[in-house]
Amino acid sequence: MSSNDRFESREFKVVGTRPLRPDGLDKVTGKAQFGADVTAPGMLHGAILRSPHAHAIIKKIDTKQAEKLEGVHAVVTRTDFAKDVDNTDVLDNCMAGEKALYDGHAVAAVAATSPSVARKAMKLIKVTYKVLPAVTDVDMAMGADAPILHDGMQTEGLEKKSRKPTNIAQRHEFGHGDVDAGFKQADLIVERSFTTEATHQGYIEPHACLANLGRDGRGELWCCTQGHYYVRELCADLLGLDESQLRVTASEIGGGFGGKTTVFIEPVALALARKSGRPVKIVMSRNEVFRASGPTSSSSIDVKIGVKNDGTITAAFADLRYQGGAYPGSPVEFGAMSAFACYNLENVKTIGWDVVANRPKQAAYRAPGAPMAAFAIESVVDEIAGKLRMDPIDLRLKNAAAAGTKASFGPVYSDIGLIRTLEAAKNHPHYSAPLGPNQGRGIACGFWFNFGGQTSVSLTVNADGTVGVAVGTPDIGGSRASISQMVAEELGIEYSQVRALIADTATLGFNDVTDGSRVTFATGLAAIEAARNAAKIMCERAAKTWGIPSDAVVWEDGHAKPVSSNAGDFEPLSLKDIAASAANTGGPIAGHYEINADGAGVSFSTHIADVEMDPETGRAEIKRYTVFQDAGKAIHPSYVEGQFQGGAVQGIGWALNEEYIYNKDGQLQNAGFLDYRIPVASDLPMIDAVILEVPNPGHPYGVRGVGETSIVPPLATVANAISAAAGVRMTSIPMSPPKVLEALDSVLIAEAAE
Amino acid sequence: MAKIILWGGLKGFTDGETEFESEAKTVRELLKELEKSYPAMKSRLDVGVSFAIDGAIYRDNWFAEIKPESTVHVLPLLAGG
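Values in this document were obtained by computation on a predicted structure and should not be read as measured data.

### Focus on the overall build of chain A
Thought 1: Within chain A, the regular secondary structure consists of 21 helices and 27 strands.
Thought 2: In terms of C-alpha radius of gyration, chain A reaches 27 Å, essentially the compact-globule figure of 27 Å for 754 residues.
Thought 3: By its C-alpha atoms, chain A is 95 × 75 × 50 Å across when sized along the principal axes.
Thought 4: Evaluated residue by residue, chain A yields a buried proportion of 57% over its 754 residues.

### Focus: the confidence of the model for chain B
All names here are of chain B.
Thought 1: Residue-level pLDDT values for chain B average 94, and 100% of them are 70 or greater.
Thought 2: The secondary-structure element of chain B with the lowest mean pLDDT is strand β4 (residues 56-58), recorded at 90, while strand β1 (residues 2-6) shows the highest, at 97.
Thought 3: The ipTM assigned to the predicted complex is 0.96, against a pTM of 0.97.

### As for the packing of helix α19 (residues 637-656) of chain A against helix α20 (residues 714-726) of chain A
All names here are of chain A.
Thought 1: One way to put it is that α19 packs onto α20 with a least axis distance of 8 Å and a crossing angle of 55°. Considering the angle they form, α19 stands oblique to α20. The chirality of how α19 crosses α20 is right-handed. Here Ala-648, Gly-651, Ile-652, Trp-654, Ala-655 and Leu-656 of α19 lie close against α20, whose contacting residues are Pro-714, Leu-715, Val-718 and Ala-719.

### As for the pairing of strand β3 (residues 72-76) of chain A
Residue and element names in this part refer to chain A.
Thought 1: For β3, the tally of buried residues reaches 5 of 5 residues, placing the bulk of the element in the interior.
Thought 2: Here β3 runs beside strand β5 (residues 106-112); their pairing, made up of 4 bridges, is antiparallel. By the bridge assignment, Val-76 is partnered in β5 with Ala-109.

### A closer look at helix α15 (residues 479-491) of chain A
Residue and element names in this part refer to chain A.
Thought 1: When the terminal C-alpha atoms of α15 are compared, their 18 Å separation across 13 residues agrees well with the 18 Å that a helix rising 1.5 Å per residue should span.
Thought 2: In terms of burial, α15 is a largely internal element, 13 of the 13 residues being buried.
Thought 3: Looking one or two residues past α15, Gly-492 carries a phi angle of roughly 70°, positive in sign.

### Here's the deal with the interface of chain B and chain A
By a widespread convention, an interface's size corresponds to the accessible area lost as its parts come together.
Thought 1: On the chain A side, the residues contacting the 23 residues of chain B number 37 residues.
Thought 2: Sorting the residues of the side of chain B that touches chain A by element identifies β4 and β5 (71-76) of chain B as the ones contributing at least two each.
Thought 3: Of the residues assigned to the side of chain B that touches chain A, the class counts are 10 nonpolar, 9 polar and 4 charged.

### As for the pairing of β1 of chain B
All names here are of chain B.
Thought 1: When β1 meets strand β2 (residues 19-22), the two strands line up antiparallel, connected through 4 bridges. In the strand pairing of β2, Ala-2 is matched with Ser-22.
Thought 2: As defined by bridge partners, β1 adjoins β5 across 4 bridges and the pair is classed as parallel. Looking at the pairing, Lys-3 lines up with Thr-71 of β5.

### Quick notes on the sheet that holds β4 of chain B
All names here are of chain B.
Thought 1: The strand order β2-β1-β5-β3-β4 describes an open sheet built from 5 strands, whose pairing is mixed. Every interior strand has two partners, whereas the edge strands, β2 and β4, have only one. In this sheet, adjacent strand axes meet at a mean angle of 25° when their direction is disregarded.
Thought 2: Sitting on the sheet, helix α1 (residues 27-37) touches β1, β2, β3 (49-53), β4 and β5, and the angle it makes with β2 is about 120°.

### Quick look at the domain arrangement of chain A
Residue and element names in this part refer to chain A.
Thought 1: Domains assigned within chain A are domain 1 (24-32 + 452-597), domain 2 (44-133 + 201-292) and domain 3 (415-449 + 601-754).
Thought 2: The centre of domain 1, based on its C-alpha atoms, is set 39 Å off from the matching centre of domain 2.
Thought 3: Across the boundary between the two partners, domain 1 contributes 14 residues, which contact 16 residues of domain 2.
Thought 4: Looking at the side of domain 1 that touches domain 2, its residues break down into 7 nonpolar, 4 polar and 3 charged.

### Things to note about helix α8 (residues 266-276) of chain A
Thought 1: When you tally the buried positions in α8 of chain A, you get 10 out of 11 residues, the bulk of the element.
Thought 2: For α8 of chain A, every residue scored as buried is listed here: Glu-266, Pro-267, Val-268, Ala-269, Leu-270, Ala-271, Leu-272, Ala-273, Arg-274 and Ser-276 of chain A.

Quick notes on the rules
Residues numbered from 1 in each chain as written. Chains lettered and ligands numbered in written order. Predicted model: local features only at pLDDT ≥ 70, side-chain atom pairs only at ≥ 80, totals over all residues. Helix = DSSP H or I, 4+ residues; strand = E, 2+ residues; numbered from the N terminus. Rg over C-alpha atoms; globule rule 2.2 N^0.38 Å. Buried ≥ 20, exposed ≤ 12 C-beta atoms within 10 Å, placed from the backbone. pLDDT = per-residue confidence, 0-100. Axes fitted to C-alpha atoms, helices over the stretch in contact; angles between N-to-C directions. Parallel < 35°, antiparallel > 145°, perpendicular 65-115°, else oblique. Left-handed = near helix turned anticlockwise from the far one by under 90°. Contact = placed C-beta atoms within 7 Å. Pairing = 2+ DSSP bridges. Expected span 1.5 Å × (residues − 1). Nonpolar A, V, L, I, M, F, W, Y, C, P; charged D, E, K, R; others polar. Domains from an automatic or database assignment.

And the structure:
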């Protein structure tokens, strides 16, 4: 038994139901306050001047004319930030130093009385650049003659170090067994190379913030973020502040998906506020969001898998190359770790290369690094199934990871739900439904780690018997509802009696960012324990009231009760009764809990897609799509389904249309939603979601995170469906109409040649 | 003694070695041992790493117990979106 074993089987009353979300009315009536919705007296408008060059030395910045313009209160450049910081790359990404490293890189910023004055001032800032050659493609960036972004960069992780400048920041390696010996045992070996393009998280709300910072180093920041404590940490570092003096409040958030787990404009707004002595608001345009926030990596991947004729995989290898923009930190290690995580393999090896290129610094995007790897691996598995004439689910079941499997990234799995998702998919009516003309069906599996992290929760029992819960994890997926449900369940009260709020950094202990699918798991765990602590206090109050020992009282069904008739014959006291007399029995009743939660439990998913191709245009249309995923325990099933559906839709967009398109000089050509096409509701059928529940031993109710795994299989699922419909293996994402037409033409040419 | 397995990204600090045995009883003791044996690794360890002890994954927990029969995988710091 692990020290993280917390699961207790029980019957639920509130958990598992589908109550209305507490933030719903505010959002549909426009009352909710998002990042750009707050103003302050005397507020200035900030604007950021960005490099038009993908790679250039900044020789000089002349701000004199801009500073003289009426209405301009401050102009900042890199010199206005702290000199000796811990987060050097974050600072350089927020405000360039010696070089501009990508099209859109911030080089200066202005605070003025109106947005139009700020824009005029930006035109008066004279920046002298020495333009350098740029590279945006990952394989080209690894080439011997590639332009070098950072002169001092050396590859970490190599056994033999090279002193030659490079764009390769790190080499990772995972695996076990002997892949060469495994390939010798194989009856069939399939090798393929794949590419994926960078995509943006596509959140509807652009980054926005309002900053106020006095010359005394005390300030406040309002911003849309997935992690306001991390924003505080980064901003304090970049501005040279004490964390205690900067209070950060998270606004409502219009989508994040990982892209709001760092800072872009917040330190700039604070620098402008400090220099001007006035509050400063900055709101990114959509163009800026694309050019200068953090998309995911593009990738280039080689895969080789060997199998016996019965379908047993004897060896598996992948070489993964991810560019993560202008600074080290692409999620290639997670790609290399997750690539073969669905399989029980004796011989497996993955190598990951973290590469820099002249693109914006990547940010996390839902299961960062895993979807591209799954696309490559699951495509080859699908091809093997075809060559062996095996059902693709049967091939996966034959090699599926289960409890006791040594994962390809090292550890041995405990209870996992992959096989349950595969069996559910195989038995689902979707899998046996007939296909129409020009249609193909694809399936694929996906894996994600999940984690718990640092979490604080404070709970208060109000005098009227209602309960408030303060959490520090911004709600990006309905967590206020699920946390309220868990507290209501634990205290035995109605869901409507609980209100969960997102506290600011000054009023609650530290919380890690809302990421890693961690909130329902970790914040939920802490909320349950906080409720148990409050219930313990309420039992003590009842015991005092009855004049019996506190250990003779238990909390059941929302009441303090004598543990048995031996303890005395007392009418149970409800939460409301105890709350009403709190002032008389010892004062306010509260519960809190702080934890660095481990035991999050890994997650698996299987997807099925039916795709119809138009042979004349190459357009692929999703006709039917079903997600099967293990949720451990679905606290609010509608939100779990929403996470499954949302991840699938984002993955479908990644598979079919979305891509960053650069010209030869490294300038982004499609920085807007007209030219960067994300799927909308009318593009898609209803995404069916099948929730499976294999309890996670690490959570009292069995919860597993569900927010990320659902984006892992769609790239491969759709690719396998299109490949089936087209009769040719698709190896490059996005599978936009020109690429599909090209693939169809290749089939026709091959047939004609025969 | 516990079996310690480093992910391949740390090879550059260890002259290619990725497996060794350790008497460390906790994650903190293992971290100290790694820093002592491979001083250059400290900068990488300071960035953060995860530990899988007999299959259970820990991110930052110094006091997670390592038993003599344990297998410990040192992995990159887990993150997410």
